[in-house]
Amino acid sequence: MEHQQKIKKIAVMGGTFDPIHYGHLVTAEAVRHAFDIEKVLFIPTGRPPHKTDKPVTENKHRYAMTVLATISNPFFFVSDLEIERQGFTYTIDTIVELRRIYGEDTTIYFITGADAINQILTWKNSVQLFSLCEFVAVSRPGYSMQDAFEKISYVQEHYQGVIHVVEVPALAISSTDIRQRVLHHKPIQYLLPDSVATYINKFDIYKSKELLND
């Protein structure tokens, strides 16, 4: 794949997206606006190492739902980079590949929840990650940002990592809750795009209790 050198700023929005919902979309749009991002890349995870004991919906369905949810936004794109990768999928491998694709002149922003900042140093090759991309820590409902600020200061002082903080509207929506609602025949309208709700219904996704927990 050729370097896409005309792209100066991209943001990476990773997740299982099981299913993708308005919380994900609001977050991505808030980051896009805050940093004048030219392209937001949604990357459904393939086989995340932190969820080895928990079932995840088939890759093809999660990818399709992500495409349906993002297709109306001209700045949103979906990549199958991780779901096509064999074995566990690690953030460092994805960022290294994106750096190869887009070149050194592109700034890569990696979007993550502010609560995940506390675990960031446990990620594979986390120090290398700081040299390849900038992080955007997004506030989540019910999470104390004080904890995040302390970790961010530590990372910036000891590892020269760049971590921005963005607060987004408090949308207390979770994929787990949506799956529970589907299983118990409760409405999911207004929690995610209608196209995704239609897809879930058409393919009878989330009718099994195995997928109730994250």
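Remember, it's a predicted structure, so these values are computed and weren't measured experimentally. (Residues numbered from 1 in each chain as written. Predicted model: local features only at pLDDT ≥ 70, side-chain atom pairs only at ≥ 80, totals over all residues. Heavy atoms only, no water.)

Participant: I'm lost on the sheet that holds strand 5 (residues 134–138) in this one. Help?
Facilitator: Sheets are built from strands that pair by backbone hydrogen bonding, the pairs being arranged parallel or antiparallel. Here we have six strands laid out as an open sheet, ordered 3-2-1-4-5-6, and parallel in their pairing. For this open sheet the edge positions go to strand 3 (76–78) and strand 6 (163–166), each flanked by a neighbour on one side alone. Strand-to-strand, the axes of this sheet are offset by a mean angle of 30 degrees, without reference to chain direction. Two elements, strand 5 and strand 6, share four bridges in a ladder whose sense is parallel. Directly across from Phe 135, in strand 6, lies its bridge partner Ile 163. Relative to strand 1 (residues 9–15), helix 1 (residues 22–35) is tilted by about 160 degrees, and along the sheet it contacts strand 1, strand 2 (39–44), strand 3, strand 4 (107–113), strand 5 and strand 6. (Pairing = 2+ DSSP bridges. Helix = DSSP H or I, 4+ residues; strand = E, 2+ residues; numbered from the N terminus. Axes fitted to C-alpha atoms, helices over the stretch in contact; angles between N-to-C directions. Contact = heavy atoms within 4.5 Å.)

Participant: Would you take a moment to explain the pattern of salt bridges for this structure?
Facilitator: Side chains carrying opposite charge are able to pair once their charged atoms draw close together. As enumerated under the stated definition, the model contains four salt bridges in all. In this structure, the salt-bridge partner of Asp 177 is Arg 181, at a minimum N-O distance of 3.0 Å. Here the residue Asp 177 and the residue Arg 181 both occupy positions in helix 6 (residues 175–183), the gap between them amounting to four residues, near one helical turn. Taking relative accessible area as the criterion, Asp 177 reaches 28% and is therefore assigned partly exposed. The partly exposed category is assigned to Arg 181, whose relative accessible area is 26%. (Salt bridge = Lys/Arg side-chain N within 4 Å of Asp/Glu carboxyl O. Buried < 20%, exposed > 50% of the residue type's maximum accessible area, 1.4 Å probe, protein only.)

Participant: So what exactly am I meant to see when it comes to the nonpolar core here?
Facilitator: In terms of nonpolar packing, the biggest core is built from 33 residues, with Ile 20, Val 40, Phe 42, Met 65, Ile 188, Leu 192 and Ile 200 touching the most fellow members. In contact with Ile 200, not counting residues within four places along its chain, are Pro 19, Met 65, Val 182, Ile 188, Leu 192, Ile 205 and Tyr 206. With 27 residues, the next largest nonpolar core counts Ile 7, Ile 95, Ile 101 and Leu 129 among its residues. (Core = buried A, V, L, I, M, F, W, Y, C linked by side-chain atoms within 4.5 Å.)

Participant: What is the right way to look at helix 5 (residues 145–159) in this model?
Facilitator: Residue pairs three or four apart in sequence face the same way in an α-helix, which turns once every 3.6 residues. Between its first and last C-alpha atoms helix 5 spans 20 Å; for 15 residues at 1.5 Å apiece the expected length is 21 Å, and the two agree. Restricting attention to buried positions, one finds in helix 5 the residues Met 145, Ala 148, Ile 152 and Val 155. What you see down the axis of helix 5 is that its buried residues fit within an arc of 80 degrees, all on one side. Its buried side turned inward, helix 5 meets helix 4 (126–132), strand 5 and strand 6. (Expected span 1.5 Å × (residues − 1). Arc of directions from axis to C-beta.)

Participant: What is the right way to read the side chain of Glu 82 from this model?
Facilitator: As for its placement among the helices and strands, Glu 82 is situated in the loop between strand 3 and helix 3 (91–102). Nearest to the buried, unbridged Glu 82 among oppositely charged side chains is Arg 85, at 4.5 Å. Setting aside residues up to four positions removed in sequence, Glu 82 forms contacts with Ile 43, Pro 44, Thr 45, Gly 46, Thr 89, Tyr 90 and Thr 94. (Lys, Arg positive; Asp, Glu negative; His and termini not counted.)

By themselves, these are just geometric observations and shouldn't be taken as functional.
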